[in-house]
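Spelled out from the first residue to the last, the chains are:
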Amino acid sequence: MRLLLINPNTSPDVTATVTRVAESLVPTTVELVPVTGRFGARYIASRSAAAIAGHAALDALAEHVDGTDAVLLACFGDPGLFALKELSPVPVIGMAEASCHLACTLGRSFAIVTGGERWPAMLEEFVASLGLAQRLAGIRALAPSADVLSRNLDLAIEQLAEACAIAVREDGAEVVILGGAALAGLAGRVGAKLDVPVICSLDAG
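Note that residues are indexed from 1 along each chain, following the sequence as it is written. This being a predicted model, a pLDDT of at least 70 is required before a residue's local features are given, and a value of 80 or more before pairs of side-chain atoms are given or counted; all residues contribute to the totals for chains, interfaces and linings. Only heavy atoms go into the side-chain values, all of them from the structure, while hydrogens and water stay out.

Before we go on, may I ask you to explain the overall build of the protein chain in this structure?
The numbering of helices and of strands both runs from the N terminus, where a helix is a DSSP run of H or I of at least 4 residues and a strand a run of E of at least 2. Within the protein chain, the regular secondary structure consists of 9 helices and 8 strands. Principal-axis analysis of the C-alpha atoms gives the protein chain an extent of 45 × 35 × 30 Å. When each of the 205 residues of the protein chain is scored for burial, the buried share is 55%. Note on contacts: a residue pair is in contact if any heavy atoms of the two residues lie within 4.5 Å. When contacts within the protein chain are restricted to residue pairs at least 6 apart in sequence, those whose partners lie at least 24 apart make up 68%. Calculation of accessible area relied on Shrake-Rupley with a 1.4 Å probe; when residues are assessed, cover is drawn exclusively from the protein chains displayed. Only carbon and sulfur atoms are counted for the fraction: they give 52% of the accessible area of the protein chain, which is about 8900 Å². Throughout this description, buried means an accessible area under 20% of the type-specific maximum (1.4 Å probe, protein chains only), exposed means over 50%, and partly exposed covers the range between.

Can you walk me through the nonpolar core in this structure?
Soluble globular proteins tend to bury their nonpolar side chains together. Among the buried residues, those of types Ala, Val, Leu, Ile, Met, Phe, Trp, Tyr and Cys that are joined through side-chain atoms within 4.5 Å form a nonpolar core. Counting 74 residues, the largest nonpolar core has Phe110, Ile112, Leu160, Leu178, Val190 and Leu202 as the members making the most contacts within it. Ignoring sequence-local partners within four residues, the contact set of Leu178 consists of Val113, Leu160, Leu183, Leu186, Ala187, Val190, Val198, Ile199, Cys200 and Ser201.

For this particular structure, what's the right way to read the pattern of salt bridges?
When the charged atoms of two side chains with opposite charge come close together, those side chains can pair. When a carboxyl oxygen of Asp or Glu lies within 4 Å of a side-chain nitrogen of Lys or Arg, that pair is called a salt bridge. Per the stated rule, a full pass over the model turns up 10 salt bridges. Arg140 is paired through a salt bridge with Asp171; the nearest N and O atoms lie 2.9 Å apart. Remark: Asp171 occurs in helix H7 (residues 153-171) and Arg140 occurs in strand S6 (residues 136-142); sequence separation between them is 31 residues. A relative accessible area of 26% places Arg140 in the partly exposed class. For Asp171, a relative accessible area of 24% corresponds to the partly exposed category. Among the salt bridges present, the one from Glu158 reaches Lys193, with a minimum N-O distance of 3.2 Å.

Sorry, what's going on with unusual backbone geometry here?
Trans peptide bonds make up most of the peptide bonds, and negative phi angles are found at most residues other than glycine. A positive phi angle is found at Asp78, which is not glycine, with a value near 55°. Inspection of the secondary structure puts Asp78 in the loop between strand S3 (70-73) and helix H3 (81-87).

Hey, could you run me through the side chain of Thr19 in this one?
Tracing the chain through its elements places Thr19 in helix H1 (residues 12-25). What makes Thr19 buried here is its relative accessible area of 12%. Among residues more than four places away in sequence, those in contact with Thr19 are Leu5, Leu32 and Pro34.

How do you make sense of the pairing of S6 when you look at a structure like this?
Moving residue by residue along a regular strand, the side chains alternate between the two faces of the sheet. When DSSP locates at least two bridges between a pair of strands, those strands are taken to pair. Pairing between strand S5 (residues 110-115) and S6: 6 bridges, direction parallel. Along S6, the bridge assignment pairs Phe110 with Leu136.

Please explain the sheet that holds S6 as it appears in this structure.
In sheet architecture, strand pairing relies on hydrogen bonds along the backbone and comes in two forms, parallel and antiparallel. Across the sheet, which stays open at both edges, the 4 strands sit in the order S6-S5-S7-S8 with parallel pairing between neighbours. Edge positions in the sheet fall to S6 and strand S8 (198-200), since each has one partner strand and no second. Each adjacent strand pair in this sheet contributes to an overall mean axis angle of 20°, direction not counted. As paired elements, strand S7 (residues 175-178) and S8 share 3 bridges and run parallel to each other. The partner of Val176 across the bridge, within S8, is Val198. What counts as an axis is a line fitted to C-alpha atoms, over the stretch in contact for a helix, and the angles between N-to-C directions run from 0 to 180 degrees. Against the sheet, helix H4 (residues 95-106) engages S5, S7 and S8, with an angle of about 160° to S7. Seen against the sheet, H7 touches S5, S6 and S7 and runs at an angle of roughly 150° to S6.

Next comes the structure, spelled out in structure tokens:
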């Protein structure tokens with residue numbers, strides 16, 4: 001099986017992180033085909049950047065989908081997801097899409113914790129588009145974007161765990177999604193500090 005990993009951010013570092021973590025999650029029979037967006041924002045943190053990223057994701061699909069068996073949109077928030085599903089000759093799943101559906105199997109309500117102050121409204125709209133608005137307990141977004149958080153992992157773990165704890169305590173979340181391609185692989189360390197499931201969005205995808 002060949003799995004196309006589309007990172008519509010233009011940051012090769014994020015692609016490398018996603019690929020490294022994904023390699024630890026899939027069987028050796030799965031070949032990963034990682035692709036970085038050719039244009040747009042280095043790291044998506046606004047509506048305008050997300051709109052451009054959707055175009056970049058479609059561009060990557062057109063260039064690289066031949067010979068692959070499935071597509072994982074490796075960017076939390078899933079820019080361009082529905083357009084990809086419309087055009088792709090193979091199945092497409094988004095990290096945020098997969099995380100929300102998985103969270104609903106683990107608890108009655110879920111929260112999303114991520115980095116970037118503009119993400120809450122964008123993610124609320126995305127969750128609503130999945131028909132899961134009533135299951136969303138809340139969204140907690142740290143001021144630094146996820147790629148900035150990932151540059152100091154020990155500090156990031158503490159800040160993310162605190163935000164998750166607040167989501168559980170104040171929002172009533174029974175499950176927390178750790179959203180962000182740059183945060184892939186951190187859910188285990190964050191979850192060790194909590195008493196509820198913490199989902200890695202890449203793992204869910």
